[in-house]
Amino acid sequence: MTNKDIKLPLKEKQVGTEMKDALTDILEELGYKYELDEDGSINFFLNLYDYTDEVRSIVEGVEFYIMFNEECRIITVNEGCWKQIKSDDYDEAGRLLEAINRANSGFHVTSYISLNSETHLTEVYSSTHYPYLPNKEYLKEQLDNKICEIIFANKIINQFMEEATNEDACQLFAEAMLRHQKVN
């Protein structure tokens, strides 16, 4: 692909429409069922038959969604809640925080937690992004790469959790909870 092959539209609205149209075409080609959300994002689930049992256990029932920043020409791929733990299990929660911190320091995927006060669960989400270029093959390849990166980050977080010690993890979680309580 040469620079002559890429024509960047100038208007943000035009970019946004092109981005959404290109990604919905790609999702259709891949056989993903999707919905357009009110906020302009595209929500979809992976085809589980494309993955191993190990990966299926991580992403089964997990919704992915694509968001667009027309101004910056960025496509963001988000993974809905893929893991939950009891918020009052300090050992496991500490191992989770340690694992997420380790994974975030080494990957292009950002994983983060949300504390659900209604269910008393700590929920884990992941996100990554890539620049928009008006080239369908590039967009398709990048979407697949970003989904794979998210899945790999999930697997690494699970592995790091198994490796983390309870003592260090418990201390890390206690410190994080104190910071969270001060903010709220």
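Everything below is about the structure printed above this text.
What comes next concerns the included structure. Computed from a prediction, not measured in an experiment: that's the story for all the values here.

What follows covers the side chain of asparagine 43. With respect to the helices and strands, asparagine 43 occurs in strand S2 (residues 42-44). One polar contact links asparagine 43 to aspartate 37, side chain to side chain, over a distance of 3.4 Å. If sequence neighbours within four positions are ignored, asparagine 43 has contacts with Lys33, Tyr34, Glu35, Asp37, Glu63, Phe64 and Tyr65.

Scanning the model with the defined rule gives 5 aromatic pairs in all. Centre to centre, the rings of tyrosine 32 and phenylalanine 44 are 5.5 Å apart; their planes meet at 20°, and the pair counts as stacked. Separated by 12 residues along the polypeptide, tyrosine 32 in the loop between helix H1 (12-29) and strand S1 (34-36) and phenylalanine 44 in strand S2 bring together distant segments of the chain. According to the relative accessible area criterion, phenylalanine 44 is buried, its value standing at 0%. Taken together, a centroid distance of 5.8 Å and an interplanar angle of 15° make the contact between tyrosine 112 and tyrosine 125 stacked.

Along a regular strand, successive side chains alternate from one face of the sheet to the other. Two strands pair when backbone bridges link them, and strand S3 (residues 64-69) and strand S4 (residues 74-86) are joined in this way by 6 bridges, in the antiparallel orientation. Looking at S4, one finds that methionine 67 is bridged to threonine 76. Taken together, S3 and the strand that follows it, S4, pair antiparallel across an intervening segment of 4 residues, in which arginine 73 is found at a positive phi of about 55°.

What follows concerns the sheet that holds S4. The 6 strands are arranged S1-S2-S3-S4-S6-S5 in an open sheet whose pairing can be described as antiparallel. This sheet does not close on itself; its edge strands, each paired only once, are S1 and strand S5 (110-116). Taking each pair of neighbouring strands and ignoring which way they run, the sheet shows an average axis angle of 25°.

What follows covers the pairing of strand S6 (residues 121-131). For S6, the buried fraction is high: 9 of the 11 residues fall into the buried class. In the sheet, S4 pairs with S6 via 10 bridges, with the strands oriented antiparallel. Looking at S6, one finds that valine 77 is bridged to threonine 128. Bridge count between S5 and S6: 7 bridges; the pairing is antiparallel. Bridge pairing links tyrosine 112 to tyrosine 125 in S6. In textbook terms, the turn of a hairpin is the stretch between consecutive antiparallel strands, and for S5 and S6 this stretch comprises 4 residues, one of which, histidine 120, has a positive phi near 60°.

Cut-offs applied
- Residues numbered from 1 in each chain as written.
- Predicted model: local features only at pLDDT ≥ 70, side-chain atom pairs only at ≥ 80, totals over all residues.
- Heavy atoms only, no water.
- Helix = DSSP H or I, 4+ residues; strand = E, 2+ residues; numbered from the N terminus.
- Polar contact = N/O pair within 3.5 Å; in protein donor to acceptor, adjacent residues only side chain to side chain.
- Contact = heavy atoms within 4.5 Å.
- Phe/Tyr/Trp six-rings, centres within 6.5 Å; stacked < 30°, edge-to-face > 60°.
- Buried < 20%, exposed > 50% of the residue type's maximum accessible area, 1.4 Å probe, protein only.
- Pairing = 2+ DSSP bridges.
- Axes fitted to C-alpha atoms, helices over the stretch in contact; angles between N-to-C directions.

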